[in-house]
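# Breakdown of the fold
Spelled out from the first residue to the last, the chains are:
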Amino acid sequence: MIKIDEHVRLKHYNTFGIDATARYFCQITNEDQFKSLLQTDLYRNEKVLILGGGSNILFTRDFDGLVIKTDIKGIHIVHESDGIVNIKAMSGEMWHELVIHCVNHQWGGIQNLSLIPGTVGAAPIQNIGAYGVEVKEVVKEITGIDRLTGDEKTFQNKECEFGYRESIFKHKLKDLFFVSSVTLTLTKKNHPINTNYGAIKDTLKEMNITEPTLKSISDAVIHIRKSKLPDPIHVGNAGSFFKNPTISYLHYQSLLKIFSNIPGYHSVNQEVKVPAGWLIEQCGWKGKRLNDIGVHAQQALVIVNYGNGNGNEILELAMKIISSVKEKFNIVLTPEVNII
Ligand code: EPU
């Protein structure tokens, strides 16, 4: 039997530190527990929210249903050859701990994704990415449970429909699939070294490193993230609050005439990705504080809770940011964070 608690405070289960309450709450440590939960009246009759590290969620109200916190642990090798290794990590492992484990074993591929908060299970759902690497580049397959039938199912990389902060699990399979493990393909030699992202290059230079290793890249990323992004232990936040928007090349050209220094990264289909942090900063929000919430002073893409801010105040601030960016640049920002 799984223990189900009632009226549980979620403040310590979300990195924004929002003091919402779950009507019902349980923690699972293996897949069978999830399967047996599926059979219960509680699961069938209540709204259900699956919670990983709570690092990409904003509660604007109490959750009037069942919150299932995944705590399924385990990391092991499923296949190994001369050059590569397949690592299966269970969904409740912390992503950063997996990265460190791999770096320590000299397995390459995820070193640029150091210090990203959250769990392994959540990583493929929003295809986490940072410093020129996305998790989709190393995902071999995702295994989990069909929430309607209770059947185990495996999705190969190609079937996950990965995109920028997107996957099938956020769309077609939203609320229909429980990710229980992620299998990665990592290198044992000839590692893919990606240091093109400006800040990494500069940091490695400062560290006097000319031949970067998995460890030195991971250290550089940790250093950059610590200097730019607030640590949720001290200041509540959920990393980037918005996605970087993509606009048409024509729109970008017209903006360039007015804002000659607007950054833009060309992507496919005549589209340009613009850093939302830059747009928000131009609208004067960077470092702004309203009561107990605000916009981070080192990275305008991050909304922070200084202590006792509530979810609605944060949502209101996000809406104000969206409308000022819309007014100035005719660009509509979309939240990256799940708003409940
Ligand atoms: N910028 C500003 N002002 C700001 C912030 C950024 O002008 O306040 C400009 C910078 O000057 C730079 C550009 O925006 O030219 C990009 O900034 P940065 O390298 O900080 O990255 P980002 O695009 O703002 C994305 C991810 C981050 C990830 C970094 C590094 C999204 C939504 N965010 O941010 O991911 O760490 O790249 O790769 O794609 C997260 O998802 O929670 C997250 C932190």
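Figured I'd write up the structure that's included with this text. What you are looking at is a predicted structure, and each value in this text was computed from that prediction instead of being measured. (Residues numbered from 1 in each chain as written. Predicted model: local features only at pLDDT ≥ 70, side-chain atom pairs only at ≥ 80, totals over all residues. Heavy atoms only, no water.)

## Some details on the site of the ligand
Rules: Here a residue counts as near a molecule or strand whenever at least one of its heavy atoms sits within 4 Å of it. Any pair of N or O atoms that falls within 3.5 Å is considered a polar contact. Within protein, one atom must be able to donate a hydrogen and the other to accept it, and sequence-neighbouring residues count only if both atoms are side-chain atoms. Each accessible area is a Shrake-Rupley estimate made with a 1.4 Å probe; only the visible protein chains count as cover when residues are assessed. Each residue gets one of three labels, nonpolar for Ala, Val, Leu, Ile, Met, Phe, Trp, Tyr, Cys and Pro, charged for Asp, Glu, Lys and Arg, and polar for the others, Gly among them.
If you check the shell around the ligand, you find 24 residues, and the closest are Tyr131, Tyr164, Arg165, Glu281 and Ala300. Note that an oxygen atom of the ligand is positioned 2.8 Å from one of the side-chain N or O atoms of Asn244. One nitrogen or oxygen atom from the main chain of Ala300 is found 2.8 Å from an oxygen atom belonging to the ligand. Surface burial for the ligand is 82%, taken as the share of its 820 Å² of free accessible area covered by protein chains. Looking at the shell around the ligand residue by residue, the class counts come to 11 nonpolar, 6 polar and 7 charged.

## Topic: the packing of helix α4 (residues 198-206) against helix α5 (residues 214-228)
Our working definition: Angular values range over 0 to 180 degrees, each being the angle between N-to-C directions of two axes fitted as lines to C-alpha atoms, with helices fitted over their stretch in contact. To qualify as a helix, a DSSP run of H or I must reach at least 4 residues; to qualify as a strand, a run of E must reach at least 2; elements of each kind are numbered from the N terminus. Here is the rule for angles: anything less than 35 degrees is roughly parallel, anything more than 145 is roughly antiparallel, 65 through 115 is roughly perpendicular, and the remaining ranges are oblique. Here, residues are in contact when the closest pair of their heavy atoms is within 4.5 Å.
With their axes 9 Å apart at the nearest point, α4 and α5 run at an angle of 110° to one another. One element, α4, and the other, α5, form an angle in the roughly perpendicular class. Between α4 and α5, the contacting residues are Ala199, Ile200, Thr203 and Leu204 on the first element and Ser216, Ala220, Val221, His223 and Ile224 on the second. In the contact of α4 with α5, the residues fall into 6 nonpolar, 3 polar and no charged.

## A short note on the nonpolar core
So the rule is basically this: Take the buried Ala, Val, Leu, Ile, Met, Phe, Trp, Tyr and Cys residues and link them wherever side-chain atoms come within 4.5 Å; each set so joined is a nonpolar core. For every residue, the accessible area (1.4 Å probe, protein chains only) is compared with the maximum for its type, and the residue is labelled buried under 20%, exposed over 50%, or partly exposed between those bounds. For the domain bounds, the source is a domain assignment made automatically or taken from a database.
In terms of nonpolar packing, the biggest core is built from 45 residues, with Phe241, Phe242, Leu279, Ile280, Ile303, Ile321 and Leu333 touching the most fellow members. Of all the secondary-structure elements, those providing two or more residues to this core are β2 (21-28), β3 (48-51), β4 (57-58), β5 (63-70), α6 (249-258), α7 (276-282), β18 (293-295) and α8 (311-329). Here this core takes 7 residues from α8, the largest share from any one element. Formed jointly, this core draws a minimum of three residues from each of two domains, domain 1 (5-70) and domain 3 (236-339).

## Notes on the sheet that holds β18
Put simply, the rule is: Two strands pair if DSSP finds at least two bridges between them.
As summarised here, the arrangement of the 4 strands in space is β13-β19-β18-β17, forming an open sheet in which the pairing is antiparallel. On the outer flanks of this sheet lie β13 (236-240) and β17 (289-290), each paired with one strand and no other. In this structure, β18 lies alongside strand β19 (residues 302-305), joined through 3 bridges in antiparallel fashion. Looking at the pairing, Val295 lines up with Ile303 of β19. In the packing of α8 onto the sheet, the strands contacted are β17, β18 and β19, and the crossing angle to β18 comes to about 30°.

## Thoughts on the side chain of Thr70
When you line up the elements, Thr70 lands in strand β5. Contacts of Thr70, omitting those with residues within four sequence positions, involve Ile28, Ile50, Leu51, Gly52, Ser91, Gly92 and Phe178.

## Notes on helix α3 (residues 95-104)
Under the convention used in this document: Picture the helix axis, draw a direction to every C-beta atom, and the arc is the one those directions span.
Every buried residue of α3 is listed here: Trp95, His96, Leu98, Val99, Cys102 and Val103. All buried residues of α3 lie within an arc of 155° about the axis, which places them on one face of the element. The outward face of α3, more than 90 degrees from its buried face, is lined by the exposed residues Glu97 and Asn104. In the core, the buried residues of α3 are packed alongside β6 (75-80), β7 (84-90), β12 (177-187) and α5. Remark: Gln106 follows α3 within two positions and exhibits a positive phi of approximately 65°.

## With respect to the packing of aromatic side chains
What counts here: Stacked, edge-to-face and tilted are the three classes for Phe, Tyr and Trp ring pairs, Trp counted by its six-membered ring, which pair at centre distances within 6.5 Å; planes under 30 degrees apart are stacked, over 60 edge-to-face, the rest tilted.
Under the criterion given, the structure shown has 11 aromatic pairs. Arranged with centres 4.1 Å apart and planes meeting at 15°, the rings of Phe34 and Phe178 form a pair that is stacked. Taken together, the positions of Phe34 in helix α1 (residues 31-38) and Phe178 in strand β12 put the pair 144 residues apart, joining distant regions of the chain. Take Phe34 and Phe178: they sit in the same class, and that class is buried. Consider the rings of Phe259 and Phe329, whose centres lie 4.7 Å apart with planes at 50°: the pair is tilted. In this pair, Phe259 is assigned in the loop between α6 and β15 (265-267) and Phe329 in helix α8, connecting sequence segments 70 residues apart. Looking at Phe259, the relative accessible area reads 15%, which means it is buried.

## A short note on the sheet that holds strand β14 (residues 246-248)
Strand order in the open sheet formed by 3 strands is β14-β16-β15, and the pairing between neighbours is antiparallel. Here the strands that pair on one side only, and so sit at the sheet edges, are β14 and β15. On average, each strand axis in the sheet is inclined to that of its neighbour by 40°, with strand direction left out of account. The pairing of β14 with strand β16 (residues 271-273) spans 3 bridges and is classified as antiparallel. Its bridge partner lying in β16, Thr246 is registered against Lys273. Taken strand by strand, α6 contacts β14, β15 and β16, and its axis lies near 85° from that of β14.

## Some thoughts on the packing of α3 against α5
Spelled out, the test is: For any pair of crossing helices, the crossing counts as left-handed if the nearer helix is rotated counterclockwise from the farther one by less than a right angle, and right-handed if it is rotated clockwise.
Following both chains from N to C, one finds α3 and α5 inclined at 150°, their axes separated by 9 Å at the closest point. The orientation of α3 relative to α5 falls into the category roughly antiparallel. In the crossing of α3 with α5, the sense of the turn from one axis to the other is left-handed. Residues His96, Ile100 and Val103 of α3 lie in contact with α5, whose contacting residues are Leu214, Lys215, Ser218 and Ile222. Residue composition of the contact of α3 with α5, by class: 4 nonpolar, 2 polar and 1 charged.

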